[in-house]
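# Breakdown of the fold
The chain contents come next:
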Amino acid sequence: MARNKSNQLTDGEQSIMEVLWESGEASVRDITDELSKEKKTAYTTVQTLCKILAEKGYADFRKEGKAFIYTPKITQKEARQSALTSMLNKFFGGSPKVLAQHLMQETDIDLDDLEALQRKVDQSKD
């Protein structure tokens, strides 16, 4: 049974998007070179993932000579919002309150972080 295609970013796709957000645009070769600084990455793997990113609507491309130049179609903020909404719906019944309770119970969040979060909440009410 084939698995459903996800609109969320995989780890590999996320790495490529990080390069695109940082650079604004990049060829498959540029992306491969950048990713290979931390872990050897095959050109063909990057090429395939870039095509998938375009199909998912995360990136766009143009051809310059033989090279494909990719650009991000969404901002990093938009990608974060999409991922957070998906996680909220999938694991927390769509409730930010349940997520916040989970974070307070299951993580080592300290008082300074909670106070900073409270200030943000208070500012958003204004």
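Note that the structure is predicted; figures quoted are calculated from it, not measured.

### Quick look at the pairing of strand β2 (residues 59-64)
Looking down a regular strand, the side chains alternate between one sheet face and the other. Bridge count between β2 and strand β3 (residues 67-72): six bridges; the pairing is antiparallel. Residue pairing across strands places E64 opposite A67, the latter belonging to β3. Between β2 and β3, which pair antiparallel one after the other, the connecting turn spans two residues, and G65 there sits at a positive phi close to 65°.

### Considering the nonpolar core
Formed by 17 residues in total, the largest nonpolar core has its most connected members in I16, L20, I31, V46 and C50. The biggest single contributor to this core is helix α1 (residues 11-23), with five residues. Apart from residues no more than four positions distant in its own chain, C50 is found in contact with I16, V28, I31 and Y70.

### Here we look at α1
For the α-helix, the turn length of 3.6 residues means that residues three or four positions removed from each other point alike. With 13 residues, α1 ought to run about 18 Å at 1.5 Å a step, and its terminal C-alpha atoms sit 19 Å apart, in line with that. Among the residues making up α1, those that are buried are E13, I16, M17, V19, L20 and W21. For α1, the secondary structure elements touched by its buried residues are β1 (26-27), α2 (28-36), α3 (43-56), β2, β3 and α4 (76-91). G24 sits one or two residues past α1 and shows a positive phi near 90°.

Rules and cut-offs
Residues numbered from 1 in each chain as written. Predicted model: local features only at pLDDT ≥ 70, side-chain atom pairs only at ≥ 80, totals over all residues. Heavy atoms only, no water. Pairing = 2+ DSSP bridges. Helix = DSSP H or I, 4+ residues; strand = E, 2+ residues; numbered from the N terminus. Core = buried A, V, L, I, M, F, W, Y, C linked by side-chain atoms within 4.5 Å. Buried < 20%, exposed > 50% of the residue type's maximum accessible area, 1.4 Å probe, protein only. Contact = heavy atoms within 4.5 Å. Expected span 1.5 Å × (residues − 1).

Keep in mind these values describe shape, not function.
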